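An overview of the molecular structure
Residue strings, one per chain:
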Amino acid sequence: MALATVAALMAAVGGALWLATRRFVGSSARQLHGDLGSGLMQGKTVLITGANSGLGRATAAALLRMGARVIMGCRDRARAEEAAGQLRRELSSPGFMGSSPDPGSVGELVVKELDLASLRSVHAFCQEMLQEEPRLDVLINNAGVFQCPYMKTEDGFEMQFGVNHLGHFLLTNLLLGLLKSSAPSRIVVVSSKLYKYGDINFEDLNSEQSYNKSFCYSRSKLANILFTRELARRLEGTNVTVNVLHPGIVRTNLGRHIHIPLLVKPLFNLVSWAFFKSPMEGAQTSIYLASSPEVEGVSGKYFGDCKEEELLPKAMDESVARKLWDISEVMVGLLK
Ligand SMILES: NC(=O)c1ccc[n+]([C@@H]2O[C@H](COP(=O)([O-])OP(=O)(O)OC[C@H]3O[C@@H](n4cnc5c(N)ncnc54)[C@H](OP(=O)(O)O)[C@@H]3O)[C@@H](O)[C@H]2O)c1
Ligand SMILES: *[C@@H]1O[C@H](CO)[C@@H](O)[C@H](O)[C@H]1NC(C)=O
Ligand SMILES: *[C@@H]1O[C@H](CO)[C@@H](O)[C@H](O)[C@H]1NC(C)=O
């Protein structure tokens, strides 16, 4: 009885807040991507990892609309082709993000296979990129795994560290020449505020001694930030910039490994509808860093809601960043 009352009350409050948030955030998101950005990415090639779902998919939709040639780097070709088909249909139907754009100014979508849990796949993907793509203007390291049970990648790395950090580390290094020859160009790294709960424990990077799935997610997202800062230092004077962001809490498929009891599910759904961002709202900072003239020349910075934010000292530790870089080079076989 009391429980039902509390649930009903929460539903009412949640519902009201949901409407309020939608109206607020929804309108600012529309404003950002009205006709302002149209044509901004014409002639530019963008690679987005994990572009078939959630934030990556929304980022692809927006940049495509701005005229970019968008390469979707995805591990499952069928899922990626399906997402690409949907994106093309949405783009040609009016009412999607306001009016439908001039068909002549819309970019092109390309699907390529990329499994970040396999160094072999990353190498094959990059070889194909270098053979087929004359330029790369923006690389968006977006794909991610969140709090999965203990698993290893093809090469024996703990899955979250392996995909979120090491796979992207190799990918970025192999594409750096192309990014440099396309300069001014940009690298955008999707991290998370949860980096705060991580540490780079060099003595057990594959979590063979103990596995804590939340710690490992946070560690991988801290690694994303340290990687960004070290790379920015290495790229000084090249006109290739690299910045990192946190998207906020977004309604995506990221929670696939989190088990929510059946009875709690409706409440969770309500809360997520009320308080979480939609994928398009969550993707705003990725889109901003990839396309806005405002951040031209800006590098090594951390962003949230399209604004620069402060980092905890542990994410700015240069010696940890260098050590992580050196060890990553050895782990992915760049240094033999
Ligand atoms: N959602 C949030 O609240 C939130 C908050 C902070 C940070 N983030 C970050 O945002 C990024 C995007 O996540 P999302 O929320 O959009 O989640 P999502 O909907 O689950 O999308 C994740 C994407 O990564 C791909 N991926 C996973 N493992 C891969 C692998 N081995 N190789 C290639 N691609 C792989 C997935 O492919 P499949 O579809 O084939 O699995 C999917 O396309 C992640 O880096 C995440 O850490 C999200
Ligand atoms: C796992 O890691 C998280 C985040 O680092 C920490 O808060 C939590 O206490 C850890 N859990 C266990 C069982 O050690
Ligand atoms: C970087 O861009 C500036 C301004 O466009 C240009 O003068 C400079 O030569 C570029 N540097 C490199 C290394 O490409």
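In the block above lies the structure referred to throughout.
The following refers to the structure shown. (Residues numbered from 1 in each chain as written. Chains lettered and ligands numbered in written order. Predicted model: local features only at pLDDT ≥ 70, side-chain atom pairs only at ≥ 80, totals over all residues. Heavy atoms only, no water.)

Attention now moves to the overall build of the protein. The helix and strand tally for the protein stands at 10 helices and 8 strands. Burial analysis of the protein (336 residues in total) assigns 50% to the buried set. In the protein, once contacts between residues fewer than 6 apart in sequence are set aside, the share between residues at least 24 apart is 79%. Total accessible area on the protein stands at roughly 16000 Å², and carbon and sulfur atoms take up 57% of it. (Helix = DSSP H or I, 4+ residues; strand = E, 2+ residues; numbered from the N terminus. Buried < 20%, exposed > 50% of the residue type's maximum accessible area, 1.4 Å probe, protein only. Contact = heavy atoms within 4.5 Å. Areas by Shrake-Rupley, 256 points an atom, 1.4 Å probe, with all protein chains shown as cover.)

Counted by the stated rule, this structure contains 17 salt bridges. Among the ionic pairs, Arg120 bridges to Glu154, the shortest N-O distance being 3.4 Å. Separated by 34 residues along the polypeptide, Arg120 in helix H4 (residues 119–132) and Glu154 in the loop between strand E4 (138–141) and helix H5 (159–181) bring together distant segments of the chain. On the basis of relative accessibility, which here comes to 56%, the residue Arg120 falls in the exposed class. One salt-bridge network, held together by shared partners, links Arg69, Glu108, Lys112, Glu128, Glu132 and Glu133. (Salt bridge = Lys/Arg side-chain N within 4 Å of Asp/Glu carboxyl O.)

Let us look at the side chain of Ser218. By the secondary structure assignment, Ser218 is in helix H6 (residues 213–234). Beyond its immediate sequence surroundings of up to four residues, Ser218 is in contact with Leu194, Tyr195, Tyr197 and Gly198.

The next thing to look at is the environment of Leu40. Within the element layout of this structure, Leu40 appears in the loop between helix H1 (2–32) and strand E1 (45–49). Considering only alpha carbons, one finds Leu40 and Arg65, 25 residues apart in sequence, at a separation of 9.3 Å. For Leu40, the contacting residues outside a window of four places in its chain are Met66, Ser291 and Pro293.

Our focus in this paragraph is helix H3 (residues 77–92). Over its 16 residues, H3 runs 23 Å from end to end, which matches the ideal 22 Å to within 8%, given 1.5 Å per residue. Sitting at the head of H3, Asp76 places a side-chain oxygen 3.1 Å from the backbone nitrogen of Ala78. (Expected span 1.5 Å × (residues − 1). Polar contact = N/O pair within 3.5 Å; in protein donor to acceptor, adjacent residues only side chain to side chain.)

Moving on, we get to the sheet that holds E1. Working definition: the strands of a sheet are paired by backbone hydrogen bonds and lie parallel or antiparallel to each other. Taken in spatial order, the 8 strands of this open sheet run E3-E2-E1-E4-E5-E6-E7-E8, and their pairing is mixed. Of all strands in the sheet, those with a lone pairing partner are strand E3 (108–113) and strand E8 (307–308), marking the two edges. In this sheet, strand E2 (residues 69–74) lies alongside E1 in parallel orientation, the contact comprising 5 bridges. Opposite Leu47, over in E2, you have Ile71 as the bridge partner. Relative to the sheet, H6 contacts E4, strand E5 (185–190), strand E6 (240–246) and strand E7 (302–304), its axis offset from that of E6 by approximately 160°. (Pairing = 2+ DSSP bridges. Axes fitted to C-alpha atoms, helices over the stretch in contact; angles between N-to-C directions.)

All told, the structure shown has 8 aromatic pairs when counted by the stated rule. Geometrically, the ring pair formed by Phe169 and Trp325 is edge-to-face, given 4.8 Å between the ring centres and 75° between the ring planes. Taken together, the positions of Phe169 in helix H5 and Trp325 in helix H10 (residues 318–331) put the pair 156 residues apart, joining distant regions of the chain. You can call Trp325 buried: its relative accessible area is 3%. Clustering of aromatic rings is evident, with ring pairs tying together Phe169, Phe227 and Trp325. Over the aromatic face of Trp273 sits the side chain of Arg251, whose NZ or CZ is 4.0 Å from the ring centroid. A cation sits over an aromatic face here: Lys323 above Phe202, 4.4 Å from the ring centre. (Phe/Tyr/Trp six-rings, centres within 6.5 Å; stacked < 30°, edge-to-face > 60°. Lys NZ or Arg CZ within 6 Å of the ring centre and 35° of its normal.)

Turning our eyes to something else, we now look at the site of ligand 2. Residues in contact with ligand 2, as listed here, are Tyr197, Asn212 and Phe215. Within the contact set of ligand 2, an oxygen atom lies 3.0 Å away from a backbone nitrogen or oxygen of Tyr197. Between an oxygen atom of ligand 2 and a side-chain N or O atom of Asn212, the distance comes to 2.4 Å. Relative to its unbound accessible area of 360 Å², ligand 2 is 34% covered by the protein chains. (Near = heavy atom within 4 Å.)

With that settled, the discussion passes to the packing of H5 against H6. Where H5 contacts H6, the two axes come as close as 7 Å, and the packing angle between them is 20°. Classed by the angle they form, the pair H5 and H6 counts as roughly parallel. Two packed elements cross with a definite hand, and for H5 against H6 that hand is right-handed. Taken together, the residues of H6 that come into contact with H5 (itself represented by Gln160, Phe161, Asn164, His165, Phe169, Thr172 and Leu176) are Lys213, Cys216, Tyr217, Arg219, Ser220, Lys221, Ala223, Asn224, Phe227 and Leu231. For the contact of H5 with H6, the residue count by class is 8 nonpolar, 6 polar and 3 charged. (Parallel < 35°, antiparallel > 145°, perpendicular 65-115°, else oblique. Left-handed = near helix turned anticlockwise from the far one by under 90°. Nonpolar A, V, L, I, M, F, W, Y, C, P; charged D, E, K, R; others polar.)

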